[in-house]
Amino acid sequence: MKVIALIPTKNEEQGIGKVIKELKPCVDEIYIVDCNSTDRTREITRKLGAKIILEPRKGYGRAYKTGFKKVKADIIVTLDADGSYSTRKIKKYLELLIEKNIDFISCNRIFKEKSIGFSHKIGNRVLTLATNILFGISLKDSQSGMWIFKTKLLKDLKLESDVMSFSEEIKIRIIKANFRFKELPVGYYERLGRAKLNTFRDGISNLLFLFKLKFLLNSYPKQ
Ligand SMILES: Nc1nc2c(ncn2[C@@H]2O[C@H](COP(=O)(O)OP(=O)(O)OP(=O)(O)O)[C@@H](O)[C@H]2O)c(=O)[nH]1
Ligand SMILES: [Mg+2]
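Within each chain, residue numbers correspond to sequence positions counted from 1 in written order. Lettering of chains starts at A and numbering of ligands starts at 1, both following the order in which they are written. Only residues with pLDDT of at least 70 get local features here, since the model is predicted, and only at 80 or more are side-chain atom pairs given and counted; chain-wide, interface and lining totals rely on the full set of residues. Side-chain figures throughout are based on the complete set of non-hydrogen atoms in the structure, without hydrogens or water.

Engineer: What am I meant to see in the overall build of the chain here?
Structural biologist: By definition, any uninterrupted DSSP run of H or I lasting at least four residues is a helix, any uninterrupted run of E lasting at least two residues is a strand, and each is numbered from the N terminus. Each helix and strand in the chain was counted, giving 7 helices and 7 strands. When its helices and strands are written in sequence order, the chain yields β-α-β-α-β-α-β-α-β-α-β-α-β-α. A compact globule built from 223 residues would reach a C-alpha radius of gyration of about 17 Å, and the chain, at 16 Å, matches this within 12%. Projected onto its principal axes, the C-alpha coordinates of the chain cover approximately 45 × 40 × 35 Å. Under the scheme applied here, a residue whose accessible area is under 20% of the maximum for its type counts as buried, over 50% as exposed, and between as partly exposed, the area being computed with a 1.4 Å probe on protein chains only. Across the 223 residues in the chain, those meeting the buried criterion constitute 53%. Per-residue and other accessible areas were derived by the Shrake-Rupley procedure at a 1.4 Å probe size, with only the shown protein chains allowed to occlude residues. Looking at the chain as shown, the accessible area adds up to about 11,200 Å², and 54% of this sits on carbon and sulfur atoms. In this setup the radius of gyration rests on C-alpha atoms only. A globule is expected at 2.2 Å times the number of residues raised to 0.38.

Encoded structure:
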């Protein structure tokens, strides 16, 4: 089983080194999908022996869609480049994925002190609640960007979002397509470097996307 890590990056020189070093013992290869970083993100990545996929088109979802197409692996681990997600459970969760025949693990974040601001926390709660009501599911954290999953399921999945709503979209589609989905906890800390997410703008956009997905894009793949 080849396991790779895929990390979207946009000017993350403060966090990327820490994240790559922590991931090295857990995965076979590490890739960043970089969007026009003008800081030392690429230089640090190269020095630490990780690979770089270039995606100049903007957007978190765009970066993942390009990354998914470019890598060859049996299992993909995703997370942010900002050092916010704890990597301590990755090995254990990889074992679980294989042993328990799970298709997709989404890591729900356990917020440590100061890890996110108040508005971000409320936004996250509202979006998760809206996701659960609209789709009749019971997620703990619809916005988590840390996933561990089998690459083969991507071929049955139509993913539309190019932006932050990609994170909720992938979980909803996986669950609705009846893949074996599990949420498992990870620690979450204050990010290193400057946030790319705008709490208000991206919050509203993610909420609108839920309605779009529910009423317009209701084309889940058949299992
Ligand atoms: N390639 C690429 N990466 C991006 C883009 N926007 C954000 N990212 C990366 O995607 C990850 C998530 O972005 P963040 O700013 O951390 O968003 P967030 O985790 O929801 O918000 P915070 O809690 O403030 O960290 C980070 O690693 C970013 O560098 C983009 O347009 N292109
Ligand atoms: Mg982040």
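There is more to say, and it comes next.
Engineer: Help me understand a nonpolar patch on the surface in this model?
Structural biologist: A patch consists of residues whose relative accessible area exceeds 30% and which take part in no salt bridge; residues with like charges are grouped when within 9 Å of each other, and nonpolar side chains (Val, Leu, Ile, Met, Phe, Trp, Tyr) when within 5 Å. Salt bridge criterion: a side-chain nitrogen from Lys or Arg within 4 Å of a carboxyl oxygen from Asp or Glu. Taken together, the side chains of Phe118, Ile122 and Val126 present a nonpolar region at the surface, about 310 Å² in accessible area. Position of Val126 relative to the elements: it lies in helix α5 (residues 118-135).

Engineer: Help me understand a positive patch on the surface in this model?
Structural biologist: A cluster of basic side chains, namely Arg88, Lys89, Lys92 and Lys112, defines a positive patch on the protein surface. Tracing the sequence through the fold places Arg88 in the loop between β4 (75-78) and α4 (90-99). For Arg88, a relative accessible area of 78% corresponds to the exposed category. Neither His nor the chain termini are counted; the positive set is Lys and Arg, and the negative set is Asp and Glu. To locate a charge, take NZ of a lysine, CZ of an arginine, CG of an aspartate or CD of a glutamate.

Engineer: What should I look at first to understand the site of ligand 1 in this one?
Structural biologist: Any residue with a heavy atom positioned within 4 Å of a molecule or strand is treated as near that molecule or strand. Within the structure, ligand 1 sits among 20 residues, and Pro8, Glu12, Gly59, Asp80 and Lys196 are positioned closest to it. Glu12 is positioned such that a nitrogen or oxygen atom in its side chain is 2.5 Å from an oxygen atom of ligand 1. For this analysis, a polar contact is any N or O atom pair within 3.5 Å, provided that within protein one partner can donate a hydrogen and the other can accept it, and provided that sequence-adjacent residues contribute only side-chain to side-chain pairs. Between ligand 1 and Tyr188, the relevant distance is 3.0 Å, taken from an oxygen atom to a side-chain nitrogen or oxygen of the residue. Calculation on ligand 1 without its partners gives an accessible area of 640 Å², and the protein chains cover 93% of this total. Comparing atom positions with the cavity grids shows ligand 1 to sit within the largest pocket. Listed by contribution, the elements that provide at least two residues to the shell around ligand 1 are β1 (3-9) and α3 (60-70). Side-chain classes are defined by residue name, with Ala, Val, Leu, Ile, Met, Phe, Trp, Tyr, Cys and Pro counting as nonpolar, Asp, Glu, Lys and Arg as charged, and the others, Gly among them, as polar. Taken together, the residues of the shell around ligand 1 sort by class into 10 nonpolar, 3 polar and 7 charged. Think of a 1 Å grid over the protein atoms and nothing else: a 1.4 Å probe that fits but is trapped marks a cavity, an open set flanked by protein within 12 Å on at least five of seven lines marks a pocket, and residues with an atom within 4 Å of a point count as lining. To be counted as sitting in a cavity or pocket, a molecule needs more than half of its atoms within 2 Å of that site's grid points.

Engineer: In this structure, what is going on with the side chain of Asn108? I would like to understand it.
Structural biologist: With respect to the secondary-structure elements, Asn108 resides in strand β5 (residues 104-111). A contact between two residues is defined here by any heavy atoms of the two lying within 4.5 Å. Sequence-distant contacts of Asn108, that is, excluding residues within four places in its chain, are made with Lys140, Asp141, Glu183, Leu184, Pro185 and Val186.

Engineer: Looking at this structure, how should I read the packing of aromatic side chains?
Structural biologist: For any pair of aromatic rings, the description consists of the separation of the ring centres together with the inter-plane angle of the planes. Ring pairs are drawn from Phe, Tyr and Trp, using the six-membered ring of Trp, whenever the two centres fall within 6.5 Å, and their geometry is named by plane angle: stacked under 30 degrees, edge-to-face over 60, tilted for the rest. Under the definition given, this model contains 13 aromatic pairs. Taking 5.5 Å as the distance between ring centres and 90 degrees as the angle between the ring planes, the aromatic pair formed by Phe111 and Tyr188 counts as edge-to-face. Of the two residues, Phe111 is situated in strand β5 and Tyr188 in strand β7 (residues 181-188); the sequence distance between them amounts to 77 residues. Through a chain of ring-to-ring contacts, the aromatic side chains of Tyr60, Tyr64, Phe68, Phe104, Trp147, Phe149, Phe166 and Phe181 assemble into a single cluster. To sit over a ring, a charge needs its Lys NZ or Arg CZ within 6 Å of the ring centre and within 35 degrees of the ring normal. Taking the ring centre of Tyr188 as reference, the NZ or CZ of Arg109 above it sits at 4.9 Å.

Shape is all these values report; function is a separate question.
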